[in-house]
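A structural walkthrough
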Amino acid sequence: MQISDTVRSFIGIASACLGAFVFHQIGFPVAPLTGSALAVSISSLLGARVPLPLPVRNLILCLLGINIGTAVTPEMLRSAINWPLSIAVLAVALVFAMSVSQITLSRWFGYDRRTATLAAAPGHLSYVLSIAADARLDVPMVAISQSIRVLFLTLCVPALVAGLFGATGRTILPATLMPVLPMALLVGAAVVAGLVLNRLRLPAAFLLAGMVVSIFGHATDVTPGRLPDFIVAGSLMGMGALIGSRFVGVQWAELRRAVVAGLWITCVNIAVTLLAVAVVAFGLGVSWPQGIVAFAPGGVEAMAAIGIALGMDPAFVAAHHLARLLLLTVLVPFMTRQTSGPTS
């Protein structure tokens, strides 16, 4: 019997709610995000769909940005004087991880060089896929490899940081709730700012807009307080559904072919990330948990949300992930042109 799109959508949405509930019950960190991401990934592979129209997706990203901005304090911003040094370490780690991943994907997994370069890019998925499509490369292999990295890091980073360091986000957000009218004004301003930044082609435009507007609103005391918990949980579940929905339409044959390569890329990036975090931890005094969350090459929206939930400096975490996207904007086309020859 043919399953209608409505039923598939309902199954996908129900799986997101169930995954979040189960992960909350077992005490898994950032349960609304991690639980829904895993559950929707599984349901997507089984044929379900979670349709999130573009306006809904943009609203989710604005809300996540606003939530990050509510936790930013003047003391955090004053510490930005040290960020260029840690961002420089991040840049070196990024180039090294991409180079190792590109070479090994080409030599060991049979990827052609340009496809290997794009599959190795640790982030900026929509940008990378547009380059792959324009160049008529193996888009499904790039998409699956990248999606496995994002899903794996979304699940593992909270568990790793919380398990090893006992991080908690209970005290990082304001204690009082934001009044309804200021909250509505803040969301509206974030959406408008996101549309402007998106027209300017800035990466993570709606997340960045939510952060900037929220920081300004709290600095001027126009929008004091934090978002209600149910709105934050809903936006995290929406982010998890976005991550999981990347597996919609993936054939099992494609998945089997790409899953090992995707896990290899993830392992390379984890190893390089830990080395880079060791450098900033011992050289700049950055705490290990904060360094891991800031340097982990997962989705910027997911990692920033994880940083909030685990009690990290949200400005530091978001700045490093946005820097990674900006670096990839330049690095990916350059490395793709440099690897335009035949497969070795």
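Scroll up to find the structure.
The shown structure was predicted, so the numbers you read here are calculated from the model rather than taken from an experiment.

Turning our eyes to something else, we now look at the nonpolar core. If you look at the biggest cluster of nonpolar residues, it comprises 86 residues, and the most contacted ones within it are L33, L64, L105, Y111, V157, L227 and I243. Apart from the residues lying within four places of it in its own chain, the contact partners of L227 are L63, I66, N67, L177, M178, M183 and V232. Core analysis: the next-biggest nonpolar cluster, separate from the first, contains 13 residues, M98, A121, V128 and L331 among them.

Let's shift gears to the side chain of T223. Considering the arrangement of structural elements, one finds T223 in the loop between α10 (205–219) and α11 (229–244). Accessibility expressed as a relative area gives 5% for T223, which makes it buried. Contact partners of T223, with chain neighbours within four places excluded, come to M178, P182, L186, S214, G217 and H218.

Quick look at the packing of aromatic side chains now. Under the defined criterion, the tally for this structure stands at four aromatic pairs. Seen in terms of ring centroids, F23 and F28 are 4.7 Å apart; in terms of plane orientation they differ by 45 degrees. Their pairing is tilted. Since its relative accessible area comes to 12%, F23 is described here as buried.

Considering the arrangement of structural elements, one finds A253 in helix α12 (residues 252–284). Of the residues examined, A253 reaches a relative accessible area of 49% and is grouped as partly exposed. When the C-alpha atoms of A253 and L63 are compared, they prove to be 37 Å apart, with 190 residues separating the residues in sequence.

Together, L18, F21, V22 and I26 make up a nonpolar patch on the protein surface, roughly 400 Å² of accessible area in all. Judged by relative accessible area, V22 falls into the partly exposed class, the value being 37%.

Put simply, helix α3 (residues 54–70) and α11 touch, their axes get as near as 9 Å, and they point 125 degrees apart. When the interaxial angle is binned, α3 and α11 end up oblique. For the crossing formed where α3 meets α11, the hand is left-handed. Residues R57, I60, L61, L63, L64 and N67 of α3 pack against I231, V232, S235, L236, G238, M239 and L242 of α11. Considering only residue class, the contact of α3 with α11 consists of nine nonpolar, three polar and one charged.

Right, let's talk about helix α9 (residues 180–199) for a bit. The first and last C-alpha atoms of α9 sit 29 Å apart over 20 residues, in line with the 28 Å expected at 1.5 Å per residue. Among the residues making up α9, those that are buried are P182, M183, L186, V187, A190, G194 and L197. The buried side chains of α9 occupy one side of the element, clustering within an arc of 130 degrees when seen end-on. Structural note: α9 exposes L181, L185, V192 and R199 on the side pointing more than 90 degrees away from its buried face. Where α9 ends, the next residue or the one after it, R201, has phi of about 65 degrees, a positive value.

Counted by the stated rule, this structure contains one salt bridge. A salt bridge links R226 to D229, with the nearest nitrogen and oxygen atoms 2.9 Å apart. The buried category is assigned to R226, whose relative accessible area is 17%. Overall, D229 belongs to the exposed group, its relative accessible area being 55%.

Next up on the list: helix α15 (residues 314–338). Spanning 25 residues, α15 covers 36 Å between terminal C-alpha atoms, matching the ideal 36 Å at 1.5 Å per step. Its maximal kink placed at L328, α15 deviates by approximately 30 degrees. Most of α15 sits out of view: 18 of its 25 residues are buried. Between a side-chain oxygen at the N-terminus of α15 and the backbone nitrogen of A315 the separation is 3.0 Å; the capping residue is D313.

Here is what the cut-offs are and how they apply
- Residues numbered from 1 in each chain as written.
- Predicted model: local features only at pLDDT ≥ 70, side-chain atom pairs only at ≥ 80, totals over all residues.
- Heavy atoms only, no water.
- Core = buried A, V, L, I, M, F, W, Y, C linked by side-chain atoms within 4.5 Å.
- Buried < 20%, exposed > 50% of the residue type's maximum accessible area, 1.4 Å probe, protein only.
- Contact = heavy atoms within 4.5 Å.
- Helix = DSSP H or I, 4+ residues; strand = E, 2+ residues; numbered from the N terminus.
- Phe/Tyr/Trp six-rings, centres within 6.5 Å; stacked < 30°, edge-to-face > 60°.
- Patch = residues over 30% accessible without salt bridge, like charges linked within 9 Å, V, L, I, M, F, W, Y side chains within 5 Å.
- Areas by Shrake-Rupley, 256 points an atom, 1.4 Å probe, with all protein chains shown as cover.
- Salt bridge = Lys/Arg side-chain N within 4 Å of Asp/Glu carboxyl O.
- Axes fitted to C-alpha atoms, helices over the stretch in contact; angles between N-to-C directions.
- Parallel < 35°, antiparallel > 145°, perpendicular 65-115°, else oblique.
- Left-handed = near helix turned anticlockwise from the far one by under 90°.
- Nonpolar A, V, L, I, M, F, W, Y, C, P; charged D, E, K, R; others polar.
- Expected span 1.5 Å × (residues − 1).
- Arc of directions from axis to C-beta.
- Bend = angle between axes of the 7 residues up to and from the residue.
- Polar contact = N/O pair within 3.5 Å; in protein donor to acceptor, adjacent residues only side chain to side chain.

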